Amino acid sequence: MVLSRNINSDKIILAAQEHSKATGRTNASALLQREKAGGHSEANPRYDTDPIPKHSLPHKSTDADRVSFGTLQIAYGLIRDELALDANPLLNLASFVHTYMPPQADKLMAENVGKNLIDGAEYPATQVIVERCVSMLAKLWHADESENATGTPTTGSSEAIQLAGLAMKRQWQERMIAQGKDERRPGPNIIMGANAQVALEKFARYFDVEARLVPVDKETNYCMSAERAMQFVDENTIGVFVILGSTFTGHYEPVEEMAKLLDEYEAKTGISIPIHVDGLAFRELFTGRLLILNLFQSERSICRAVCDPIVEVIKRVVSINTSGHKWGKTYVGCGWAIWRDSKHLPKDMVFELHYLGSVEYSFSLNFSRPAAPIIAQYFNFIHLGFEGYRRIALHDAKNARLLSRALENSKYFEVISNTHKLVDQTVTSKAAQAVGLSSDIDAYTPGLPVVAFKFSDEFSKEYPHIKQVWVQTLLRARSWVVPNYELPPNLEKVEILRVVIREQFSEDLVERLVHDIIEVTESLMSEDGIVGYHKAAGEAGTKKSDVKHQLKNAERKAASHGEGVRPTGHAGVC
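We now turn to the structure provided with this report. (Residues numbered from 1 in each chain as written. Predicted model: local features only at pLDDT ≥ 70, side-chain atom pairs only at ≥ 80, totals over all residues. Heavy atoms only, no water.)

## Some details on unusual backbone geometry
- Here the bond from R185 into P186 is cis, since omega is 0 degrees, no more than 30 degrees from zero.
- Non-glycine residue D208 carries a positive phi angle of around 55 degrees.
- Looking at where D208 falls in the secondary structure, it is placed in the loop between α8 (198–206) and β3 (210–214).
- D208 gets classed as exposed once you look at its relative accessible area, which sits at 63%. (Helix = DSSP H or I, 4+ residues; strand = E, 2+ residues; numbered from the N terminus. Buried < 20%, exposed > 50% of the residue type's maximum accessible area, 1.4 Å probe, protein only.)

## Section: the pattern of salt bridges
- Applying the stated criterion across every chain, the model contains 16 salt bridges.
- A salt bridge links D263 to R316, with the shortest nitrogen-to-oxygen separation between them at 2.6 Å. With D263 in helix α10 (residues 255–269) and R316 in the loop between α11 (308–314) and β8 (317–323), the pair connects residues that are 53 residues apart, well separated along the chain.
- Among the residues examined, D263 registers a relative accessible area of 31% and is labelled partly exposed.
- Owing to a relative accessible area of 8%, R316 belongs among the buried residues under this scheme.
- Put simply, E519 and R478 hold a salt bridge, and the shortest N to O gap is 2.8 Å. (Salt bridge = Lys/Arg side-chain N within 4 Å of Asp/Glu carboxyl O.)

## What about the sheet that holds strand β13 (residues 450–455)?
- Sheet architecture is open: four strands sit in the order β12-β13-β15-β14, paired in antiparallel fashion. Looking at which strands have only one partner, the edges of the open sheet turn out to be β12 (413–415) and β14 (484–486). Across this sheet, the average inter-strand angle for adjacent strands is 40 degrees, counted without regard to direction.
- In the sheet, β12 pairs with β13 via three bridges, with the strands oriented antiparallel. Paired with F413 across the strands is F455, a residue of β13.
- Taken strand by strand, helix α15 (residues 469–477) contacts β13, β14 and β15 (495–500), and its axis lies near 35 degrees from that of β15. (Pairing = 2+ DSSP bridges. Axes fitted to C-alpha atoms, helices over the stretch in contact; angles between N-to-C directions. Contact = heavy atoms within 4.5 Å.)

Below, the structure is given as structure tokens:
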């Protein structure tokens, strides 16, 4: 008999169910509506064998006058139990999104969960907090006090990027119209690296802008090269997206070099092309670097704003976005877009509202949005301060270096992220790097605390049949979520594994992860591992195609749970 390989699991479960009257068991719907004598609700749904409503709104509901703690507890328990199948957020090393805040922050968010950020007249104190956060970020990013910096909270960096891109497009259109040129043919274009996260490409696709993707490779550190980017610049370029923290590998793109080349281009052509910086996280602001430049004199204090030569460089950067819910350390739903001067934000993007009880000004894609994540951001600002953020950032960087060195020392893996590599590549420095002697953050290459790695050439040569994605699958069985994915176009044949280091990921967990990575890799190398099973199946007469089919199914199932796919950075929640 040939077994079917396309089974409808819902149908076979339905056919296997027993009738509730025959078994005496209660289904979920009855549990939610029935109360025992004395007014006490049935509180234990664990004997239920009937599924809760999934695809259609149930016809019956719990009567309002019969709602009790018991019925609410049943609904809570049913959903809680199902959500227990999710991964542990702490061990989800695929995500950049922060997953922990202290109890006081949790309490603040719970107390303000019902507030709508758009209702400024109703919640004036909340609006004051928004203005304070914008001011703090503008000063942190060294906006000139003589300029009128402006900004807005967003639901994440994705929305912020759309707004920044629209502002550059509007300004380009105004310039073309003023020069009597056609703004539609050939139309606007925006330049970004092929490694750009999906939100940047979404802007181009959603708002009819040609996306000019600059090819990346090992020579360019897997991110956009400023020199290559200049090959795509013309009078229809609305701006350049420069990324501080590539989603793929954590590399920083060369903001300073890009700005200098655009300065030279403007001097030759008279065409001014702005830069928008996609700052994936707050981290680069607190490790002594901003836009790849040393702007802070010491670890304990912020010096004068910026020295003169640097002012001229970063003047090319007209806007910056970041995610508060990444290394800004809030829960999901917080992002920021800041413009150096309000002149870079076209007036027709700002809407004046008169129907919310007062005159309100809005320049966002979303209208209603929760205020709680923004309040949480302010909590972090005053709770952590510069020193607190810096301390955590240095801790993250140290753990990323530890993991990187350990993986390279195994000889099984090659680490392609470079935050563990010293800027000074002399023989002495390389020796210090190998044994972790240097702890000075400024001695290392700037980048996010992201560890991107792959099988070493030696390992792949000796074990050509081992697929890297199997490491992901076996780690998932141990509760770790470590994605395996292809690099950007032009490098799509190269697969890497990636670990994002966040605040709660301690040195102890780094050690546990290293042990598990080595164990699962060596299990694949052994005759008892998947490779051994593959060989044994072939020698025993089983078709190798059947073995491959089983492995392919396992990989497909993993991918269906959000693993093993090309990361989209902020695609899910930004």
